[in-house]
Amino acid sequence: MKFLCVPCDTAMKLQTVAPPDRGSLAIVYACPECGYEMAMLTNAYETQAVQSLGVRIGPESDTKTADASACPFAEMIPAIEDAAVAGETAVRWTAAAEARLANIPAFVRPMARTGIERFARENGALEIDEKILDAAREFFGM
Amino acid sequence: MKGYHDIVGDGGSRILEQVAEQRGRITDGLAGVRHLLAVGSGKGGVGKSTLTLHLAGALRARGLRIAILDADFNGPSQARMAGVQGAPFVPGRHKVLLPRTGNGIAVFSMGSLIPESEALEFESAAHGESHTWRATREFALLGEILGSVEWGAIDLLMFDLPPGAERTVQYADFLGPRMSFVLVTIPSDVARGVVARSVAALSKGPNRLLGYVENMSGYYCRDCNAVKPLFVPSEPAALGIPCLGTVPFDPELARQCDLGNPLTELRETPVGRAFDEIAQRLLDCLDAKTAVRLSSS
């Protein structure tokens with residue numbers, strides 16, 4: 001969708017996107033020529049239709065850096081995670097191992113974190129570093 | 001006044017560019033995969049998942065490097081059948097590494113991520129009304145999976161498709177002409193009728209339709225070591241594509257699938273031999289340039 005400032009015959013630029021309010025987004029566009037501003041207010045169907053494409057809505061600088069892999073079923077995964085770690089000693093992740101975890105999609109992270117922590121505990125490690133990740137990869141034949 | 005096509009970009013969100021970038025990540029991610037093969041039907045309950053896993057096993061036994069993507073996000077079964085339900089996904093250097101079966105087949109299944117007591121749900125601004133957006137969201141998820149898994153250099157990525165003739169065609173559209181198809185039916189007119197619809201729908205696109213497999217073609221009785229009829233014989237309507245083989249029903253195979261022990265001691269049974277023969281035909285078809293391309297015939 002594009003917006004045109006009719007008096008200036010100029011394409012408008014997206015300025016801001018307000019947080020969703022009951023499924024509606026308020027997306028403000030401005031004309032770079034005359035400064036005229038207008039807001040597009042989406043209904044919930046329109047919001048969801050675009051979000052279902054797995055894209056982010058916002059100014060160009062935001063969408064280039066955004067993590068588009070928000071966990072689509074985050075509410076279900078913590079149940080597994082919590083059950084797995086309940087009553088067990090906390091395991092620390094090094095920054096390098098956390099960085100590798102951050103590289104993978106959000107929807108896989110909780111499961112990966114839980115599985116690696118279990119593997120570490122079973123092998124007597126309380127800190128997960130890249131060596132542990134590589135050892136897990138070897139162990140599971142990946 | 002300017003029209004839509006006179007304006008470059010959309011002024012902010014770069015929606016089309018983001019979608020193109022997603023597609024680029026998928027293409028890059030699959031660059032090392034020699035063949036893409038979808039196992040579909042249109043009909044549910046005909047044994048697509050069982051065939052996918054065991055054909056993968058038979059091809060693996062021939063030395064092929066294979067991965068399976070369980071594309072049935074709402075009714076995933078590969079994690080359980082392949083015995084990888086408890087195996088973790090491990091973060092690789094840049095992408096995620098998949099759990100593997102004992103014989104080395106990499107498996108992605110939502111069954112590894114979501115317990116069987118839960119249904120796959122997505123957050124929704126539309127508060128339900130999922131008929132208006134759900135398919136789009138699931139294909140975005142598929143794209144995310146394809147682009148974020150370390151598939152590596154493999155010979156074959158097999159897609160275990162969900163039921164629905166329309167879904168079968170949507171996968172063809174999404175993954176493009178690289179994807180070849182095998183359809184699964186059973187010896188029932190009802191099932192063949194649905195599969196015929198999938199054939200008709202796929203024939204309008206550019207994808208190669210290698211043929212079909214008739215599953216549950218009989219009942220393998222281990223006591224008398226013979227295959228007996230399972231369905232009343234009929235004169236089935238031709239599907240217009242090659243039959244790659246038939247596979248009898250073996251209760252022991254079903255039991256082993258439930259237990260997550262694929263392909264155990266099957267090779268010397270009629271079922272095992274059937275998988276082996278079909279795997280060889282599939283291999284011949286995938287490597288042949290003469291495979292059926294209905295839209296050009």
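Our subject is the structure that appears above.
Scoring rules and cut-offs
Residues numbered from 1 in each chain as written. Chains lettered and ligands numbered in written order. Predicted model: local features only at pLDDT ≥ 70, side-chain atom pairs only at ≥ 80, totals over all residues. Buried ≥ 20, exposed ≤ 12 C-beta atoms within 10 Å, placed from the backbone. Helix = DSSP H or I, 4+ residues; strand = E, 2+ residues; numbered from the N terminus. Arc of directions from axis to C-beta. Contact = placed C-beta atoms within 7 Å. Axes fitted to C-alpha atoms, helices over the stretch in contact; angles between N-to-C directions. Parallel < 35°, antiparallel > 145°, perpendicular 65-115°, else oblique. Nonpolar A, V, L, I, M, F, W, Y, C, P; charged D, E, K, R; others polar.

Enquirer: Please clarify how helix H7 (residues 251-259) of chain B should be interpreted in this entry.
Expert: Each full turn of the α-helix corresponds to 3.6 residues, which orients residues three or four apart in the same direction. Residues and elements named next belong to chain B. When we look at burial in H7, the residues that qualify are Leu253, Gln256 and Cys257. Angularly, the buried residues of H7 cover 105° about the axis, an arc narrow enough to put them on a single face. Exposed and facing more than 90 degrees away from the buried side of H7 are Pro251, Arg255, Asp258 and Leu259. Packed against the buried residues of H7 are helix H2 (48-61), helix H3 (78-81) and helix H8 (270-287).

Enquirer: Explain the packing of helix H5 (residues 109-122) of chain A against helix H6 (residues 130-139) of chain A here, please?
Expert: Each pair of packed helices gets described by two things: the angle between the helix axes and the distance between those axes. Residue and element names in this part refer to chain A. Look at H5 against H6: their axes get within 10 Å of each other, and the N-to-C directions meet at 90°. With respect to their mutual orientation, H5 and H6 come out roughly perpendicular. Contacts from Ile116, Phe119 and Ala120 of H5 reach H6 at Ile132, Leu133, Ala136 and Phe139. When grouped by side-chain class, the residues that make up the contact of H5 with H6 number seven nonpolar, no polar and no charged.

Enquirer: Looking at this model, I keep getting lost on unusual backbone geometry. Mind explaining?
Expert: For residues besides glycine, phi is generally negative; the peptide bonds are generally trans as well. For Asp9 of chain A, which is not glycine, the phi dihedral falls at a positive 55°. The topology assignment puts Asp9 of chain A in the loop between strand E1 (4-5) and strand E2 (10-11). Phi is positive for Asn225 of chain B, which is not a glycine, with a value near 50°. On the secondary structure map, Asn225 of chain B appears in the loop between strand E8 (208-221) and strand E9 (226-228). Residue classification places Asn225 of chain B among the exposed positions, given that 9 C-beta atoms sit within 10 Å.

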